[in-house]
Amino acid sequence: MQFRTSGLRSFAGVAAAATIVLGGAFYAASAQPKLDIHFVPTPHEVVKRMLEIAKVGPSDTHYDLGSGDGRIVIAAVKDFKAKKGVGIDLDPQRIKEANENKAKAGLGDNVIFREQNIFETDLSEATTVSMYLLTSINIRMRPKLLKELKPGTRIVTHAFNMGEWKAEHEESVNGYQVYLFIVPAKLEGTWEMSDGEKKISLDLKSEFTDLSGSATVNGKKSDIKGGKITGTKVEFTIDVDGKPVKYEGTVDGNAITGSGGAKWTAKKA
Ligand SMILES: C[S@@+](CC[C@H](N)C(=O)[O-])C[C@H]1O[C@@H](n2cnc3c(N)ncnc32)[C@H](O)[C@@H]1O
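The rules we used
- Residues numbered from 1 in each chain as written.
- Predicted model: local features only at pLDDT ≥ 70, side-chain atom pairs only at ≥ 80, totals over all residues.
- Near = placed C-beta within 6 Å.
- Helix = DSSP H or I, 4+ residues; strand = E, 2+ residues; numbered from the N terminus.
- Core = buried A, V, L, I, M, F, W, Y, C linked by C-beta atoms within 7 Å.
- Buried ≥ 20, exposed ≤ 12 C-beta atoms within 10 Å, placed from the backbone.
- Contact = placed C-beta atoms within 7 Å.
- Pairing = 2+ DSSP bridges.
- Axes fitted to C-alpha atoms, helices over the stretch in contact; angles between N-to-C directions.

1. Brief notes about the site of the ligand
Around the ligand, the structure places 24 residues, and the nearest of them are Asp36, Thr42, Gly66, Gly68 and Tyr132. Secondary-structure elements contributing two or more residues to the shell around the ligand are helix 3 (71-78) and strand 4 (84-89).

2. Points about the nonpolar core
Met50 and Ala76 are the most contacted members of the largest nonpolar core, which has 39 residues in total. Secondary-structure elements contributing two or more residues to this core are helix 2 (44-53), strand 3 (61-65), helix 3, strand 4, strand 6 (128-131), helix 5 (135-148), strand 7 (154-158) and strand 9 (176-182). Ranked by residue count, the leading element in this core is helix 3, at six residues. When sequence neighbours within four positions are dropped, the list of residues in contact with Met50 reads Ser130, Val156, His158 and Val178.

3. Focus: the sheet that holds strand 5 (residues 111-115)
In space, the seven strands of this open sheet follow the order 5-4-3-6-7-9-8, with mixed pairing throughout. Only two strands of the sheet have a single partner each, and these edge strands are strand 5 and strand 8 (169-173). Strand-to-strand twist across the sheet, computed as the mean angle between neighbouring axes with direction ignored, equals 20 degrees. Against the sheet, helix 4 (residues 92-104) makes contact with strand 4 and strand 5, and its axis sits at roughly 170 degrees relative to strand 5, the strand it touches most.

4. Description of the pairing of strand 17 (residues 255-258)
Bridge analysis of strand 16 (residues 243-252) against strand 17 gives four bridges, and the strand direction is antiparallel. Looking at strand 17, one finds that Thr250 is bridged to Thr257. Between the end of strand 16 and the start of strand 17, which pair antiparallel, lie two residues, with Gly253 showing a positive phi angle near 65 degrees. Pairing of strand 17 with strand 18 (residues 265-268) involves three bridges; the strand directions are antiparallel. The residue of strand 18 that forms the bridge with Thr257 is Thr265. The turn linking strand 17 back onto strand 18 is made up of six residues, and Gly260 within it adopts a positive phi angle of 60 degrees.

By themselves, these are just geometric observations and shouldn't be taken as functional.
In structure tokens, the structure reads:
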């Protein structure tokens, strides 16, 4: 495990261009892209399990950020029937290889490899995402992932986690660690909640998937407990008339509806 990750780290931060001393003269080498991490492919059996964990299927548009030879994007479309696959890589050599592999796999226009920086590419159409980068790069990507991806988007990472953003699932595939993250709905702010006759005011705070804050019921304020956001699903427990009551609901933009036939609703104030 150690050599797999240390191999990646040792190449991180490669210089943008090299200057070669040749026969006493200086020649600028052809401009190399400034990669955050060099190419190391994910083994095929790990690719398969990552796409299973992300539950990639026909309704998905899969993005691989730093797509290397294109194997994850190709497997997403060819083997998991994703409707579209997009690979982003800054290295033109990798884009060339990925396009050759796409042709060998007999895939068409629904597989696209873009020579772009992952920090500059538009991610908004992705419904599933894979990343084999470094924890430090994942953490730098976090604000962009949370801003551009829709709540409920599944992200699978190989070998490296997302720092304080807790994984929903993690497992070892033949010694290779794989993590699943689900983009949480945005719940920060004040919500007006109705549960039958009861009017409840929620003041919500969130940190990735953790939900906290306070609830005011009949003028009595108490802390929210056990708050968790899993994609568009939310759960929390509040004190109602001195008793803990657990609420579970589904978030749709500025509205929350109680799950499983529960009658409560909430609207962002
Ligand atoms: C460890 S490889 C992973 C390849 C592939 N995703 C896989 O799992 O088989 C990382 C890839 O990220 C690319 N890369 C590094 N920095 C990048 C950046 N800032 N933007 C886009 N691609 C980048 C590298 O060229 C390399 O192909």
